[in-house]
Amino acid sequence: MPDTQPAVQLDHISRHYHMGETRVRAVDDVSFSVTPGEYLALLGSSGSGKSTLLNLMAGLDRPTAGSIVANGADLAALSPLDLARYRRNTVGMIFQSFNLLPRMTLEENVELPLRLAEVERAERPGRVREALEHVRLSHRIGHRPSELSGGEQQRVAIARALVNRPKILLADEPTGNLDSATGETILSLLRGLQTQLGMTIVMVTHERPLAERFANRLATMGDGKLLSVVETTRGAAQ
Amino acid sequence: MRYQDLTDLALRNLREAILRNALTTLGVAVGVASLVAMLSLGVGLQQLASKRLSQSGLFDTILVTTKNTFRGMGRPQREAESTKPPRPLDEDARHELENLPNVIEVYPQVRFYTEVRFNDKPYATVVAGMPDSSRNSGGFDGMQGSFFSSATADEAILQIEFAKELSSNPNSLVGQFITLRYAERQAIPASGGDTSANAADAGGGFSVVPKELRLKIVGVVETEPAAGYGGIGNARLLMPLDTASTLRAAQVNDLRDIVRGSSSTKVTYPSLSVRAKSPSQVETLEATIKDLGFNAFSLLDASKSLRTFFSVFDLLLGIFGSLALAVATLGIVNTLVMAILERRREIGVLKALGAADSDVQRLFFVEAGVMGFFGGIFGVAFGWLLGRAITFGTNVYLKRQNLNPIDLSSVPWWLVILALVFAVAVSLIAGLYPASRAAKLNPVDALRYE
């Protein structure tokens, strides 16, 4: 890997919730780093804290303790506005349930991050088309999400995550709502982005076999703790 | 996020729940409409009242007399107010007054005591010249017959009591003729045939020659308009001012001017009435005239208290109108809070894509503002219609009572702007709580929400 600085550096990260009287340690003292350009899969059963960890890396949530350094900045110390800028420009995010806005066309959905980032209006159509071409959906630019299959919707979500040209793509169970064949297409697409655009990808999944085929490294979590980080055969091959 | 994008998104969101947002907007419109209707009635009534008052000549007229005049009628002479010497009220003074700013017209008071012959019987009365502008004053509304056909017609309008003296059936007098006997001034020594008032510049006195003039009675009026104010008693026979002036009837001040041996061999007026453009300019105009060296008098205080009354009246109407708008405000709050519940997920997505709290807050704010703006526009239109409807209904009623129609409501441009600004401002205030609630929404929770 050419870049020596980690893409994301987690240092003794904890995230605790209060549920009534009990304290839930969703993430408990986790430290590891994500190398630039790698494809990391976060594995674990439900409730293991993998999604919470992803939300922390996405800047959607703040850790109770510890520090997350991404793009040279400690997310825990950023102001809410700077954290919003980080979400807008440094990371892109996709979800299990796609989270496209149903009444907007594909074009408008993909344009949304450009509006938030105050990209010039004249520049936007080109950027939207480029992002949709990455996911091979530019021919359906005027359609609404409901007119698309699940796999196509997830591809639109990927285009939306890419449109601001982030360095890091965070995926939360991207294949969870898809059949296995479609799921594989999505993961191949992500791997293509990793190799073509040099993006760093962190993907939460509970499907170990798929993760082993597509990711470079597997980080496994259980009860909020990091159990293991191992390289896959794909990772070892690189 | 830029305002153009914010507005785009806000309009799009409003369209997505078109029925609910339209109903909310309608609520604002009804609130604004009631406010506009109430205030337009207030403004309309005020305009109606001040129009009537300015027509009556009571509140926009300044009576100008010379200093040291007999016509103080017990009022103290206000010598201290000006250091300038007393000036005669002659033609020069009249032109000077006419050229003052905000002056519509200056006309002399022509009033003289004289004898009238009708059916060969003499009647004593006061004759007054009426300026042509008094045609439009409220004082001649509802008169029998008509106003003078022209400013120089040999015509007369009788006051009803006087008409009753002349005939048991006053209305039958219209169209008949009456003979005016009066004393004409003639300057000494004068070249006999001079007819111009300004030409009397020859000598140190005048002779008085009895003359007669036949006048056609064109109307009978209840009371003399602006009776008693600025006059030497109620005139019971009114004639066109220009006709009255050309008579050069001897007036009260003529003898005095002779006795004084004042410089003027020119015609002087006992008093001049100066009409201001509006009652609000009377005060400054009055002061200006006093500075010129004349006595000036007006009925300002009455119009001031009238304005106070209407301010309070407007305030009360405004409060009632605002109540409806307050209800509409709650409607906006309700709609937006509902929208937050419905759009939790969308707010979460926006935040995940990098929307700052302030972006989300402004989005809801703009949505509230847009509803307020459209509510304001429709409200002003509805309010105007409501005012027209009330005016129409009132005029139907007035017509049945055989009264003249009036313009009851008025929507001036400042009321339109005020209503729009008010509607938007109230909507933004209504949007404060929902917007901040939406901004504070935790994105992780919002995205988990199904």
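Scope of this entry: the structure provided in the associated data block. (Residues numbered from 1 in each chain as written. Chains lettered and ligands numbered in written order. Predicted model: local features only at pLDDT ≥ 70, side-chain atom pairs only at ≥ 80, totals over all residues.)

### Notes on helix α10 (residues 357–400) of chain B
To keep it simple, the criterion reads: Only DSSP runs of H or I reaching four residues or more are called helices, and only runs of E reaching two or more are called strands; each is numbered from the N terminus. Multiplying one less than the number of residues by 1.5 Å gives the expected span of a helix.
For α10 of chain B, spanning 44 residues, the distance from its first C-alpha to its last is 63 Å, which sits close to the expected 64 Å at 1.5 Å a residue. In the segment just after α10 of chain B, N402 of chain B is the residue with positive phi, at about 60°.

### Quick notes on the nonpolar core
The condition is simple: Here, a nonpolar core denotes buried Ala, Val, Leu, Ile, Met, Phe, Trp, Tyr and Cys residues that are linked to one another through C-beta atoms within 7 Å. Counting other C-beta atoms within 10 Å of its own, a residue is labelled buried from 20 upward, exposed at 12 or fewer, and partly exposed in the gap between, with every C-beta atom placed from the backbone. A pair of residues counts as a contact when their C-beta atoms, built from backbone coordinates, are separated by no more than 7 Å.
Of all hydrophobic cores here, the largest spans 123 residues; its most connected members are L42, M57, A159, L170 and V202 of chain A together with V32 and V36 of chain B. Counting residues per element, this core draws most heavily on helix α2 (residues 18–56) of chain B, at 12 residues. Once residues within four sequence positions are removed from consideration, V36 of chain B is found in contact with G379, V380, G383, W384, V411, L415 and A419 of chain B. Counting residues in each nonpolar core, the second largest holds 50 residues, with L89, M130, I157 and V282 of chain B among its members.

### Some points on the environment of R115 of chain A
By the element assignment, R115 of chain A lies in helix α3 (residues 106–116). Given 23 C-beta atoms within 10 Å, R115 of chain A falls into the buried group. Discounting residues that sit within four places of it in the chain, R115 of chain A has contacts with M1 and D5 of chain B.

### Here we look at the sheet that holds strand β8 (residues 200–204) of chain A
Residues and elements named next belong to chain A. Quick note on the threshold: In this description, strands pair whenever DSSP reports at least two bridges between them. Orientation is described by lines fitted to C-alpha atoms, with helices fitted over the stretch in contact, and by angles between N-to-C directions that extend from 0 to 180 degrees.
What the six strands build is an open sheet, ordered β6-β7-β8-β3-β9-β10; its pairing is mixed. In this open sheet, the two edge strands, each paired with only one partner strand, are β6 (91–94) and β10 (225–231). Along the sheet, successive strands turn relative to each other by an average axial angle of 15°, direction set aside. As paired strands, β6 and strand β7 (residues 168–172) are joined by four bridges and run parallel to one another. Looking at β7, one finds that V91 is bridged to I168.

### Observations regarding the interface of chain A and chain B
Condition: Each residue is assigned to one of three groups, with Ala, Val, Leu, Ile, Met, Phe, Trp, Tyr, Cys and Pro labelled nonpolar, Asp, Glu, Lys and Arg labelled charged, and all others, Gly among them, labelled polar.
In this assembly, 21 residues from chain A lie in contact with 16 residues from chain B. It is helix α2 (residues 80–89) of chain A that contributes the most residues to the side of chain A that touches chain B, six residues altogether. Along the lines of polarity and charge, the residues of the side of chain A that touches chain B split into 12 nonpolar, two polar and seven charged.

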